[in-house]
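Coordinate inspection notes
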Number of protein chains: 2
Amino acid sequence: MRVDIVLTAQSVKPESVRGKICVVIDVLRASTTIVTALANGCAAVFPTETPEEAREIARRWGALLGGEREGLRIEGFDLGNSPLEYVPEKVRGRMIAFTTTNGTRAMRACAASDALVIASFLNGREVTRLLQEKQKDTLIVCAGTRGEPSLEDIVCGGMLIDSLGAKGMPETERAVALWNEHRNNLAAMMKTDSLHGRTLVQLGFERDIDFAAGLNEFDMVPVRRGDAIVRREDHG
Amino acid sequence: MRVDIVLTAQSVKPESVRGKICVVIDVLRASTTIVTALANGCAAVFPTETPEEAREIARRWGALLGGEREGLRIEGFDLGNSPLEYVPEKVRGRMIAFTTTNGTRAMRACAASDALVIASFLNGREVTRLLQEKQKDTLIVCAGTRGEPSLEDIVCGGMLIDSLGAKGMPETERAVALWNEHRNNLAAMMKTDSLHGRTLVQLGFERDIDFAAGLNEFDMVPVRRGDAIVRREDHG
């Protein structure tokens, strides 16, 4: 079982994901939000590249509309990209057509992989458990922001690599080092050291960051089935 | 609140469903199966007219394939149209692309209605509760079989009309009379007096009929959202 990490969605090559499990991380905020939605009873997330495609799916299947552009809720959408909006009263039993800039791109980049799982600080322990159970070559895909690496994604990747005991390569060693540097102050790391985190604070989403920093809040792993993202169930 | 009943999907006119709640009944077996699937944790049923359309949805969204032609499971499908196949271990958390001959046609015929709910003997009490709460004009749509009325659908419709105290028209009176005639021996009625029931017995599905005769097993109402059929939740 080999574990690699790439620091932006743009660095994923189709040939590098074949036969592997891809773990997509976009801590601020798509992967945190997807984990929260599914943990709170959302039936399925349908990721789309464009708001138009999301609207078409919402019309056809009665899905809620969720997602962001420039960090903000899209006009006419039911939900933005704040995990705090995805409460059980809104999402339980509902499908959600979901479009974000970086997270959706990272998922699409992994289209040719054998499996895709969504990780965040909220569900790291359960993702580790799944990877240990599968014992397959794994590529950790940090979504990054507009083609640039995001510190919080790398720290989250480092957490998984550390739990798996999968050090050895310079990139994975570096991610584990960053995890060890920031593991005791994840929220502060995101608010201070992360460019994207600072932008979110300016947009008024500081509470999203505190929430995203919650370690192992949910024992649940979102997995890809078709192009949808669903809870991994026992029979998955 | 006015309640009408039509005895086959073919007799539904688009203008007769506008502004109304349509209650689709196909006791043997589509509505019984949809109720069972959703009660057992299925996330959503996507009804389709053709197996090809079902396959496309299954590929795209990772849905299970369910349905029948000539009463039998379609080649390559995960599930047929027997409610007994839709156990929690198979359907929990899964979406199902679902195609049957009469049930799907009945749902499509009600496309222009304000709302659509799925009824069977299994969930009659809860359907009645919903209709009493809504107090809207209602059309009970018996699916029938190949354009002919099916006794069991009319008996089930009569059960709803009786609970609602909505007699008055010749058709509704007749349905209530049939309900009162058969209410204490629903399984026998389906096995003996129903042409479609007798066919199912010949095909080896006698247990499906016993199951379909179970009154008020589930306090759950499948409702249409977009073109999907989902559990009615509190926030629905």
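Throughout what follows, the structure given in this document is the object of discussion. Note that this is a predicted model, so its numbers are computed, not measured. The residue numbering used here restarts from 1 in each chain and proceeds along that chain's sequence as written. Key to labels: chains lettered from A, ligands numbered from 1, both in the order written. Per-residue local features are limited, in this predicted model, to residues with pLDDT of at least 70; the limit for side-chain atom pairs, both in listing and counting, is 80 or more; totals at the level of whole chains, interfaces and linings are taken over all residues. For the side-chain quantities, the full set of heavy atoms in the structure was used; hydrogens and water were omitted.

1. Brief notes about the overall build of chain A
Starting at the N terminus, helices and strands are each numbered in turn, a helix being any DSSP run of H or I of at least four residues and a strand any DSSP run of E of at least two. The number of helices and strands found in chain A is 11 helices and 10 strands. Relative to the compact-globule value of 18 Å for 236 residues, chain A shows a C-alpha radius of gyration of 16 Å, a close match. Across chain A, contacts joining residues at least 24 apart in sequence account for 75% of those joining residues at least 6 apart. This count recognises Lys and Arg as positive and Asp and Glu as negative, with His and chain-terminal groups excluded. A charged residue contributes its charge at one atom only: NZ of Lys, CZ of Arg, CG of Asp or CD of Glu. The positive charge centre, built from 30 side chains, and the negative charge centre, built from 33, are 3 Å apart in chain A. Each radius of gyration reported is based on C-alpha atoms, and the globular scaling rule is 2.2 Å times the count of residues to the power 0.38. Here, residues are in contact when the closest pair of their heavy atoms is within 4.5 Å.

2. Some thoughts on helix H8 (residues 170-182) of chain B
All names here are of chain B. Between its first and last C-alpha atoms H8 spans 18 Å; for 13 residues at 1.5 Å apiece the expected length is 18 Å, and the two agree. Remark: exposure states derive from per-residue accessible area (1.4 Å probe, protein chains only) relative to the maximum for the residue type, with buried under 20%, exposed over 50%, and partly exposed in between. Every buried residue of H8 is accounted for by Thr-172, Ala-175, Val-176, Leu-178, Trp-179 and His-182. Looking down the long axis of H8, one finds its buried residues gathered within 160° of arc, a one-sided arrangement. Opposite the packed face of H8, turned more than 90 degrees from it, sit the exposed residues Pro-170, Arg-174 and Glu-181. For a helix, the expected span equals 1.5 Å multiplied by the number of residues minus one. Note that the arc is computed from the directions linking the helix axis to the C-beta atoms.

3. Focus on the relation of the copies chain A and chain B
Overlay of chain A on chain B (RMSD 0.0 Å): rotation 180°, translation along the axis 0.0 Å. Such a combination of rotation and displacement between the chain copies is what one expects of a two-fold axis. In terms of proximity to the rotation axis, the leading residue of chain A is Ala-43 of chain A, whose C-alpha is 2.7 Å off the axis. A share of 100% of the interface residues of chain A reappears at the interface of chain B, consistent with the copies meeting face to face through the same patch. Our superposition of the copies is a least-squares fit, built on the C-alpha atoms of residues whose pLDDT is at least 70 in both.

4. Describing the packing of helix H6 (residues 124-134) of chain B against helix H7 (residues 151-164) of chain B
Residue and element names in this part refer to chain B. Simply put, an axis is a line fit to the C-alpha atoms, just over the touching stretch for a helix, and the angle between two N-to-C directions goes from 0 to 180 degrees. At their nearest, the axes of H6 and H7 sit 10 Å apart, and the two run at 50° to each other. Judged by the inter-axis angle, H6 sits oblique to H7. As H6 packs across H7, the resulting crossing turns out to be right-handed. Residues Gly-124, Val-127, Thr-128, Leu-131 and Gln-132 of H6 touch H7, and the partners they reach there are Met-159, Leu-160, Ser-163 and Leu-164. Here the angle decides the label: under 35 degrees means roughly parallel, over 145 means roughly antiparallel, 65 to 115 means roughly perpendicular, and every other value means oblique. With the far helix as reference, a near helix turned anticlockwise by less than a right angle produces a left-handed crossing, and one turned clockwise produces a right-handed crossing.

5. Section: the interface of chain A and chain B
Contacts between chain A and chain B engage 24 residues on the former and 24 residues on the latter. Of the roughly 2100 Å² buried where chain A meets chain B, counting both sides, 54% is carbon and sulfur surface. What counts as a salt bridge is simple: a side-chain nitrogen of Lys or Arg found within 4 Å of a carboxyl oxygen of Asp or Glu. Run the count over chain A and chain B and you get two salt bridges. Arg-60 of chain B serves as the salt-bridge partner of Glu-53 of chain A, at 3.0 Å between the closest nitrogen and oxygen. Pairing of N or O atoms within 3.5 Å defines a polar contact, subject to two protein rules: one partner must be a possible hydrogen donor and the other a possible acceptor, and residues neighboring in sequence count only if both atoms are side-chain atoms. Counting across the chain A and chain B interface gives four residue pairs in polar contact (both at pLDDT 80 or more). Elements with a minimum of two residues in the side of chain A that touches chain B: strand E3 (44-47), helix H3 (51-61), helix H4 (88-91) and strand E10 (228-231) of chain A. Top contributing element to the side of chain A that touches chain B by residue count: H3 of chain A, with five residues. Each of two parts loses accessible area, computed with a 1.4 Å probe, when they are put together; buried area is these two losses added.

6. Comments concerning the pairing of strand E6 (residues 95-99) of chain A
Residues and elements named next belong to chain A. Within E6, five of the five residues are buried, leaving the element largely enclosed by the surrounding structure. Burial of the side chains of E6 extends over both faces: Met-95, Ala-97 and Thr-99 are buried on one face and Ile-96 and Phe-98 on the other. Pairing of E3 with E6, which is carried by four bridges, proceeds in the parallel orientation. Directly across from Pro-47, in E6, lies its bridge partner Phe-98. Note: two strands are recorded as paired if DSSP finds a minimum of 2 bridges between them.

7. Structural notes on the pattern of salt bridges
All names here are of chain A. As enumerated under the stated definition, the model contains 28 salt bridges over all chains in all. With its nearest N and O atoms 3.3 Å apart, the salt bridge here joins Glu-49 to Arg-108. Within this pair, whereas Glu-49 is found in the loop between E3 and H3, its partner Arg-108 is found in helix H5 (residues 102-109), the two being separated by 59 residues in sequence. Under the relative-accessibility criterion, Arg-108 is labelled partly exposed at 34%. A salt bridge links Arg-125 to Asp-219; its shortest N-O distance comes to 3.1 Å. Taken as a pair, Arg-125 in helix H6 (residues 124-134) and Asp-219 in the loop between helix H11 (206-212) and strand E9 (222-225) lie far apart in primary sequence, 94 residues in all. Beyond isolated ion pairs, a larger network of salt bridges with shared partners links Lys-191, Glu-206 and Asp-210.

8. Comments concerning unusual backbone geometry
Residue and element names in this part refer to chain A. That bond from Leu-28 to Arg-29 is cis: its omega, 5°, falls within 30 degrees of zero. With respect to the element layout, Arg-29 can be found in the loop between strand E2 (21-25) and helix H2 (30-39). Non-glycine residue Gln-135 carries a positive phi angle of around 50°. Take Gln-135: it is sitting in the loop between H6 and strand E8 (138-142). Unlike most non-glycine residues, Asn-216 shows phi in positive territory, near 55°. Summarising the element assignment, Asn-216 is placed in the loop between H11 and E9.

9. What about helix H9 (residues 186-193) of chain A?
Residue and element names in this part refer to chain A. Those residues of H9 that sit buried are Leu-186, Ala-187, Met-189 and Met-190. Seen end-on, H9 carries its buried residues on one side only, within an arc spanning 165°. Against helix H7 (151-164), helix H8 (170-182), helix H10 (195-203) and H11 lie the buried residues of H9.

10. Focus on the packing of aromatic side chains
For this analysis, a ring pair means two rings from Phe, Tyr or Trp (six-membered ring only for Trp) whose centres lie within 6.5 Å, classed as stacked if their planes differ by under 30 degrees, edge-to-face if by over 60, and tilted for the remaining angles. Using the criterion set out here, one finds four aromatic pairs over all chains in the structure. On the numbers, 6.3 Å between centres and 85° between planes, the contact of Tyr-86 of chain B with Phe-98 of chain B is edge-to-face. Taken together, the residues Tyr-86 of chain B in the loop between strand E5 (72-73) and helix H4 (88-91) and Phe-98 of chain B in strand E6 (residues 95-99) connect sequence positions 12 residues apart. Lying across the ring of Phe-205 of chain A, Arg-29 of chain A places its NZ or CZ 4.3 Å from the centre. The rule for a charge over a ring is simple: NZ of Lys or CZ of Arg within 6 Å of the ring centre, and within 35 degrees of the ring normal.

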